[in-house]
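Understanding the architecture of this molecule
Read off the chains here:
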Amino acid sequence: MGYIKAVARRLPDGSIGAVLPFHISYEGLEKSIICKDDEDCDTLVKCMVICARRKNVIIIIYAVVSNHAHMAVLARSVYEAKAYAREVKRMYSQIYSRKYGNSKVLHRTDVDVQLLDTDWYLRNALAYIPRNAYDNGAKNLMDYKWTGFRAFFRSESSVGKGRAVSDMTRRECREVLHTGDNMGDVPWRVNSEGELEPDSFCDIAYLERAFNNDETFFHKSVGGVNMAEMTQKLVVSPRQMKTDAEFLKEVEAISLRWFMTGVRDLPSSRKARLIPYVYHTMKTTVPQLARIFGLSRNEITRLLNK
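This section reports on the structure supplied with the text.

Notes on the environment of Gly-14
Summarising the element assignment, Gly-14 is placed in the loop between β1 (7-10) and β2 (16-27). Of the residues examined, Gly-14 reaches a relative accessible area of 36% and is grouped as partly exposed. Linking Gly-14 and Val-186, residues 172 residues apart in sequence, is a C-alpha distance of 11 Å.

Side note on the packing of aromatic side chains
A complete count under the given rule lists eleven aromatic pairs for this structure. Consider the rings of Phe-211 and Phe-217, whose centres lie 5.4 Å apart with planes at 80°: the pair is edge-to-face. Owing to a relative accessible area of 0%, Phe-211 belongs among the buried residues under this scheme. The ring of Tyr-100 carries the charged tip of Lys-36 above its face, separated from the ring centre by 4.1 Å.

Concerning the pairing of strand β3 (residues 58-64)
For a regular strand, side-chain orientation follows a simple rule: the groups alternate between the two sheet faces. Counting buried residues along β3, seven of its seven residues qualify, which places the element largely inside the surrounding structure. Where β3 meets strand β4 (residues 68-75), six bridges bridge the pair, whose relative direction is antiparallel. Bridge assignment links Ala-63 to a residue of β4, and that residue is His-70. Here β3 hands over to β4 after three residues, the two strands then running antiparallel side by side.

Points about the nonpolar core
By size, the foremost hydrophobic cluster in this structure holds 101 residues, and its most contacted members are Met-48, Ile-59 and Tyr-84. Excluding residues that lie within four positions of it along the chain, Tyr-84 makes contacts with Ile-24, Tyr-26, Met-48, Cys-51, Ala-52, Lys-55, Val-57, Ile-59, Met-71 and Val-73.

What counts and how
Position numbers for residues count from 1 along each chain, tracking the sequence in the order it is written. Under the rules for a predicted model, residues below a pLDDT of 70 receive no local features and side-chain atom pairs below 80 are neither given nor counted, while totals for whole chains, interfaces and linings still include all residues. Just so you know, side-chain values use all the structure's heavy atoms and leave hydrogens and water out. Put simply, DSSP H or I for four residues or longer makes a helix, DSSP E for two residues or longer makes a strand, and each gets a number counted from the N terminus. For the exposure calls, accessible area comes from a 1.4 Å probe over protein chains only, and a residue counts as buried if that area is under 20% of its type's maximum, exposed if over 50%, partly exposed in between. Aromatic rings from Phe, Tyr and Trp, taking only the six-membered ring of Trp, are treated as a pair when their centres fall within 6.5 Å; an angle between ring planes under 30 degrees marks them as stacked, one over 60 as edge-to-face, and anything in between as tilted. Whether a charge sits over a ring depends on NZ of Lys or CZ of Arg being within 6 Å of the ring centre and within 35 degrees of the ring normal. Strands qualify as paired when DSSP identifies two bridges or more between them. Remark: nonpolar core denotes a set of buried residues (Ala, Val, Leu, Ile, Met, Phe, Trp, Tyr, Cys) joined through side-chain atoms within 4.5 Å. Contacts are residue-level and defined by heavy atoms, with any inter-residue pair within 4.5 Å sufficient.

Next comes the structure, spelled out in structure tokens:
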């Protein structure tokens, strides 16, 4: 499987665990605005970071624009990645509602989570995410504030610059970070404008290693990524219900990547691993899963703990 494998990381709760990379997208299809100005973008970034600590995941890279947002994270499972994605939406929705007095704008915002399970998929997703800044009229990704792009391949870090969040009072954290959580143990730093410095919370080593620690390789990948293809794979496709033939083709590809075996030839133990992942990352139903995997609906329901 190349570079993509479970890697060991110290998680926000202090434990060391095996984690995998996931792509998370918000909205992306509808015309509703989720960030009306820079203040909203800043707030959403801070929600991402705070919720990563709450839900025990690690942010690799992210991008926030007016009507959608993307991030890549390291999590122990698709369930934890989805729990994190929901928590970001919940926290940001509360702040957005208080600010604008509108509680319904984010109600229909879609949240999708995809495991980045091949080298090609991972690298293209990591390159695709910052390129979304151009949707907000960015001329230079390095100068766009609401993406982690500038955190990587830096000659200098923000360590020692700006202010450590751990030095802030609870009141300051509520005013600047929109949270009353205890931040005494975080390594994050804010600049003179109160914005979080991305290299203080992004997993720099993971992304740089994904591109063989080669800055030119990373920048060429960002410049050359096929945006239409990645939008289809990461945003559009997970939200569309497929015919059995189309669905089988995609599930078969995953099965071959994971186990080098077709779906119908998988032993029960491996079907039990694959079915929950497919159910939680693709638009499908229990009857369709039963047809594709050759199991009864009751067996599918049991495996999904429904």
